[in-house]
Amino acid sequence: MQAAAKYVLPNNRVGICLRHQIQKYGDVDVYKHLKTQKAFYGGLMVCGSVWVCPVCAAKISERRRSELKKVFRGHIDLGGECTMLTLTFSHSNRDKLKDLLSSLSGAMQAFAKTEKFHFIRKEIGLIGSIRAFEITYGSNGWHPHIHLLLLHDNEIEPWERHDLEDRFYRMWSAACEENNLSCSREHGLKMDDAKEASTYIGKWGDLMDKQWGTDSEMTKANIKRGRIGSLTPFDFLRVIAEDGDLEYADRFKEYALAVKGKHQLHWSRGLKQRFAVEEKTDEQIATEKVEQADWLGALDWKDWRYIVQNKLRVRLLEQIEQDGFEDALTNLGLRKVQQTK
Ligand SMILES: [Zn+2]
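As a starting point, this report considers the structure included with it.

### Considerations on helix α9 (residues 247–259)
For step 1, the next point in the chain: Here α9 contains 13 residues, and its C-alpha end-to-end distance of 19 Å stays within 8% of the 18 Å for a straight helix at 1.5 Å per residue.
For step 2, the next point in the chain: Y248, A249, R251, F252, Y255, A256, A258 and V259 are the residues of α9 that are buried.
For step 3, the next point in the chain: Remark: G261 follows α9 within two positions and exhibits a positive phi of approximately 80°.

Rendered as structure tokens:
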């Protein structure tokens, strides 16, 4: 999938990710993760893009998920409350993603700065919020949406919920209108409680784990016929990688251009400090090696060039997991077979 991203975006940094050595002509180390027993490389550059690189995204999402969990749990354990708003708007398959995103960002700003929001903030005792931004693709084209986790002190009584949701909806609907978007009561805004928020956080990053399979609804045939509810941009890469279908290449390109420079997660000021979550950029997370791992061996630059040119990056790791470092290199023709008498 990463190779598909490099192919679609030839000038993007994803093209150097886990291909170029950090030091020119430097060695590439191979490690084995102690817990998962998976082999991985060290000494290589990474791109740190949560939007376009499936490898970095998997790593970053995993870390962001534990940050989200830490804050959510910490807040709930202190007797706090959490409400999740899902905000979206009407769209069609004629809409360009870039236009939708700029309207959405305008609407979101308008929504958060109204006096009404300020009022609700006090009413529920808001201590902070986390905004997650997601894009999927379905039969009505691009579907950008926002999940807004509100961490607050005051409980919302069951009989107050409906009224509060209506008030949020009216604010959202006005914010959309200001930005030439339209939304409906049915689909525009959904309000969920802490339980749903917890499920959402638990699934954070799982988009990466979706696999093709006969038992899953995620099959290529379903994608082709548009039967599936929604696709993630990484599903496009999957189709490109498996089918070479370039219709999805154009979509992925449109997406990559539209999300450039955008943040996937936004924490309100002070929230991370409050729960002792260290401030780290996506690049930092993608670069750091925190795994407990055994060093298995090193590949020199000639070996590495051979592996990259022959598209063996994944195969080598799989072979190493199966046969060990030396045997894997021998099996792939990188080492001569030792003659024994
Ligand atoms: Zn990457």
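### Quick word on the pattern of salt bridges
For step 1, the next point in the chain: Within the structure shown, the criterion is met by 18 salt bridges.
For step 2, the next point in the chain: For R238, the salt bridge identified is with D235, shortest N-O distance 2.6 Å. Residue R238 and its partner D235 are both found in helix α8 (residues 233–243); the two are separated by three residues, about one turn of the helix.
For step 3, the next point in the chain: For R238, a relative accessible area of 6% puts it in the buried group.
For step 4, the next point in the chain: A residue is classified by how much of its surface remains accessible, and D235, at 0% relative accessible area, is buried.

### Re unusual backbone geometry
For step 1, the next point in the chain: The phi angle at N180 is positive, at roughly 55°, despite the residue not being glycine.
For step 2, the next point in the chain: Along the chain, the position of N180 falls in the loop between α5 (158–178) and β6 (189–192).
For step 3, the next point in the chain: Positive phi outside glycine occurs at K311, with the angle close to 55°.
For step 4, the next point in the chain: Mapped onto the elements of the fold, K311 is located in the loop between α12 (301–309) and α13 (313–323).
For step 5, the next point in the chain: Exposure remark for K311: the relative accessible area of 72% places this residue in the exposed category.

### A few points about the pairing of strand β5 (residues 141–152)
For step 1, the next point in the chain: The buried fraction of β5 is high, at 11 of 12 residues.
For step 2, the next point in the chain: In terms of strand pairing, strand β3 (residues 81–87) meets β5 through seven bridges, oriented antiparallel. Looking at β5, one finds that C82 is bridged to L151.
For step 3, the next point in the chain: The pairing of strand β4 (residues 126–138) with β5 spans 12 bridges and is antiparallel. Looking at the pairing, T136 lines up with H143 of β5.

### Points about the sheet that holds β5
For step 1, the next point in the chain: Spatial strand order, β6-β3-β5-β4-β7: five strands in an open sheet with antiparallel pairing. Looking at strand neighbours, the two that pair on one side only are β6 and β7 (265–267), the edges of this open sheet. Going across the sheet, the axis of each strand differs from the next one's by a mean of 15°, ignoring polarity.
For step 2, the next point in the chain: This element, helix α3 (residues 97–113), spans β3, β4 and β5 of the sheet and lies at about 25° to β5.

### Focus on the packing of aromatic side chains
For step 1, the next point in the chain: Counted by the stated rule, this structure contains 13 aromatic pairs.
For step 2, the next point in the chain: Between Y31 and F40, the aromatic rings sit 5.5 Å apart at their centres with planes inclined by 20°, giving stacked as the arrangement.
For step 3, the next point in the chain: Owing to a relative accessible area of 18%, F40 belongs among the buried residues under this scheme.
For step 4, the next point in the chain: A centroid spacing of 5.4 Å and a plane angle of 50° characterise the contact between F252 and Y255, whose relative ring orientation is tilted.

Cut-offs and rules
- Residues numbered from 1 in each chain as written.
- Predicted model: local features only at pLDDT ≥ 70, side-chain atom pairs only at ≥ 80, totals over all residues.
- Heavy atoms only, no water.
- Helix = DSSP H or I, 4+ residues; strand = E, 2+ residues; numbered from the N terminus.
- Expected span 1.5 Å × (residues − 1).
- Buried < 20%, exposed > 50% of the residue type's maximum accessible area, 1.4 Å probe, protein only.
- Salt bridge = Lys/Arg side-chain N within 4 Å of Asp/Glu carboxyl O.
- Pairing = 2+ DSSP bridges.
- Axes fitted to C-alpha atoms, helices over the stretch in contact; angles between N-to-C directions.
- Contact = heavy atoms within 4.5 Å.
- Phe/Tyr/Trp six-rings, centres within 6.5 Å; stacked < 30°, edge-to-face > 60°.

Read these as layout, nothing more, since geometry by itself doesn't imply function.
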